[in-house]
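Reading the structure
Spelled out from the first residue to the last, the chains are:
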Amino acid sequence: MASPLQYGDPPRLGPFVIQARLHSMPAGFVYLGQADDGRAVSIALLTRGAALDGAARDRFVTAVREASPRRGTVLTGPAVLESDLGEAPWAATPYQPGRPGAERYLEPVMVGGILLGEVHGPDYVPYWLTDRAPALPGAGRPPRPATETRRRVLLALAVLLALLLLGVVIAILLFRGLDDTEPVRRPLPPTVFEPTPPPTPESQQPQPEPSPTPSQSTPGGTSPGLPPGEEDPDGEI
């Protein structure tokens, strides 16, 4: 069943004017076109993802070449009226409602087969399956993402190294400044006053009396220190 064209669909492929979409397949699209003489054609066009993959593009080209009319060959599918096997390959066949058309050449693009034994892991999915935009002839490969020049990369690397060196120097200076500062003084413990008993007076010892001098006489006329009956050398009794 035909559907209207969508954004990105080519308005023309070779000598054919694109009028509608006939099929949307994982590997490409099938369009309804019209030739200059009014004939209706079925055109198969790869997606951009499949066209950029060399293996997928080769499978499509091989299927188209095998269906090209040759002498002494029996065609197994619709005959190819016109084709372009370049960067964005497409092939046109006669359109017959209710019968297979150009979609036959999109079927070999997807890898298939029979797996024997127990199946493990996820199913095989081509990496280009998410790029669903039609491969437009003459568009070429998508532009590469913008990248910086080598000079700018080296300049940015030099600035980064300079900032890193500056950060190391600042860190060294800060650590040295912390080592040179005086240690933090801790507050002294509070003073505890404990009362002491008053001093006790010492007991006075008796002082010895001074001995009399020789010039002092004792009562009785005798000199001190002489026994009685003896005379004093000085003639005194």
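Here, the structure is the one placed above.
Notes on the structure follow. Owing to the predicted nature of the structure, the values given are computational and were not obtained by experimental measurement.

A look at the packing of aromatic side chains
Per the counting criterion, the structure on display carries two aromatic pairs. With a centroid separation of 6.2 Å and an interplanar angle of 90°, the aromatic rings of Phe-16 and Trp-90 are classed as edge-to-face. Within this pair, whereas Phe-16 is found in strand β2 (residues 16-24), its partner Trp-90 is found in strand β6 (residues 90-94), the two being separated by 74 residues in sequence. For the pair Phe-29 and Tyr-31, a centre-to-centre distance of 6.2 Å together with 35° between the ring planes defines the contact as tilted.

Some remarks on the layout of surface pockets
As a volume, the second largest pocket reaches approximately 170 Å³. If you go around the second largest pocket, you meet 14 residues; those closest to its centre are Leu-22, His-23, Tyr-95, Gly-98 and Arg-99. Among the residues forming the lining of the second largest pocket, the class breakdown is seven nonpolar, five polar and two charged.

Points about the environment of Thr-93
Structurally, Thr-93 is set in strand β6. Given the relative accessible area of 0%, Thr-93 is considered buried. The spatial distance from the C-alpha of Thr-93 to the C-alpha of Ala-44 is 8.6 Å, given a sequence separation of 49 residues. With sequence-adjacent residues up to four places away left out, Thr-93 is seen in contact with Val-41, Ser-42, Pro-78, Ala-79, Val-80, Leu-81, Gly-101, Ala-102 and Tyr-105.

Examining a nonpolar patch on the surface
Together, Leu-154, Leu-157, Leu-160, Leu-161, Leu-164, Val-168 and Ile-172 give the surface a local cluster of nonpolar side chains, amounting to about 670 Å² of exposed area. Within the secondary structure, Val-168 sits in helix α3 (residues 150-180).

As for helix α2 (residues 54-66)
End to end, α2 covers 18 Å across 13 residues, agreeing with the expected 18 Å (1.5 Å per residue, within 8%). For α2, the set of buried residues is Ala-56, Arg-57, Phe-60, Val-61, Ala-63 and Val-64. Taken end-on, α2 shows its buried residues confined to a sector of 160°, consistent with a single buried face. Packing partners of the buried residues in α2 comprise β4 (40-46), α1 (48-52), β5 (82-84) and β6.

A word on the pairing of β2
Where strand β1 (residues 12-13) meets β2, two bridges bridge the pair, whose relative direction is antiparallel. Residue pairing across strands places Leu-13 opposite Phe-16, the latter belonging to β2. Hairpin connection between β1 and β2: a loop of two residues separates the two successive antiparallel strands, and Gly-14 in this loop has a positive phi of roughly 60°. Direction of pairing for β2 relative to strand β3 (residues 28-34): antiparallel, over a ladder of six bridges. The partner of Val-17 across the bridge, within β3, is Gln-34. Hairpin remark: β2 followed by β3, antiparallel, with three residues in the connecting loop.

With respect to the pattern of salt bridges
Counted according to the given criterion, the structure contains four salt bridges. Asp-9 is the partner of Arg-21 in a salt bridge, and the nearest nitrogen-oxygen pair spans 2.9 Å. Taken together, the residues Arg-21 in strand β2 and Asp-9 in the segment before β1 connect sequence positions twelve residues apart. Among the ionic pairs, Arg-39 bridges to Asp-37, the shortest N-O distance being 3.1 Å. Arg-39 gets classed as partly exposed once you look at its relative accessible area, which sits at 45%.

Structural notes on the sheet that holds β3
The sheet built from six strands is open, its strands ordered β1-β2-β3-β4-β6-β5 with antiparallel pairing. Looking at the sheet topology across the chains shown, the edges are occupied by β1 and β5. When β4 meets β6, the two strands line up antiparallel, connected through five bridges. By the bridge assignment, Leu-45 is partnered in β6 with Trp-90.

So, the pairing of β3
Summarising burial for β3: six of the seven residues are buried, a large majority. Counting the residues in the hairpin turn of β3 and β4 gives five residues, including Gly-38, whose phi is positive at 95°.

Quick notes on the nonpolar core
The nonpolar side chains of soluble globular proteins are, as a tendency, buried together. Leu-46, Phe-60, Tyr-105, Leu-106 and Val-109 are the most contacted members of the largest nonpolar core, which has 23 residues in total. Counting residues per element, the ones that place at least two in this core are β3, β4, α1 and α2. Membership of the second largest hydrophobic core comes to eleven residues, among which are Leu-13, Phe-16, Phe-29 and Ala-92.

About the cut-offs
- Residues numbered from 1 in each chain as written.
- Predicted model: local features only at pLDDT ≥ 70, side-chain atom pairs only at ≥ 80, totals over all residues.
- Heavy atoms only, no water.
- Phe/Tyr/Trp six-rings, centres within 6.5 Å; stacked < 30°, edge-to-face > 60°.
- Helix = DSSP H or I, 4+ residues; strand = E, 2+ residues; numbered from the N terminus.
- 1 Å grid on protein atoms, 1.4 Å probe; cavity = no way out; pocket = protein on both sides within 12 Å on 5 of 7 lines; lining within 4 Å.
- Points joined across faces, edges and corners; volume = space filled by probe spheres on them.
- Nonpolar A, V, L, I, M, F, W, Y, C, P; charged D, E, K, R; others polar.
- Buried < 20%, exposed > 50% of the residue type's maximum accessible area, 1.4 Å probe, protein only.
- Contact = heavy atoms within 4.5 Å.
- Patch = residues over 30% accessible without salt bridge, like charges linked within 9 Å, V, L, I, M, F, W, Y side chains within 5 Å.
- Areas by Shrake-Rupley, 256 points an atom, 1.4 Å probe, with all protein chains shown as cover.
- Salt bridge = Lys/Arg side-chain N within 4 Å of Asp/Glu carboxyl O.
- Expected span 1.5 Å × (residues − 1).
- Arc of directions from axis to C-beta.
- Pairing = 2+ DSSP bridges.
- Core = buried A, V, L, I, M, F, W, Y, C linked by side-chain atoms within 4.5 Å.

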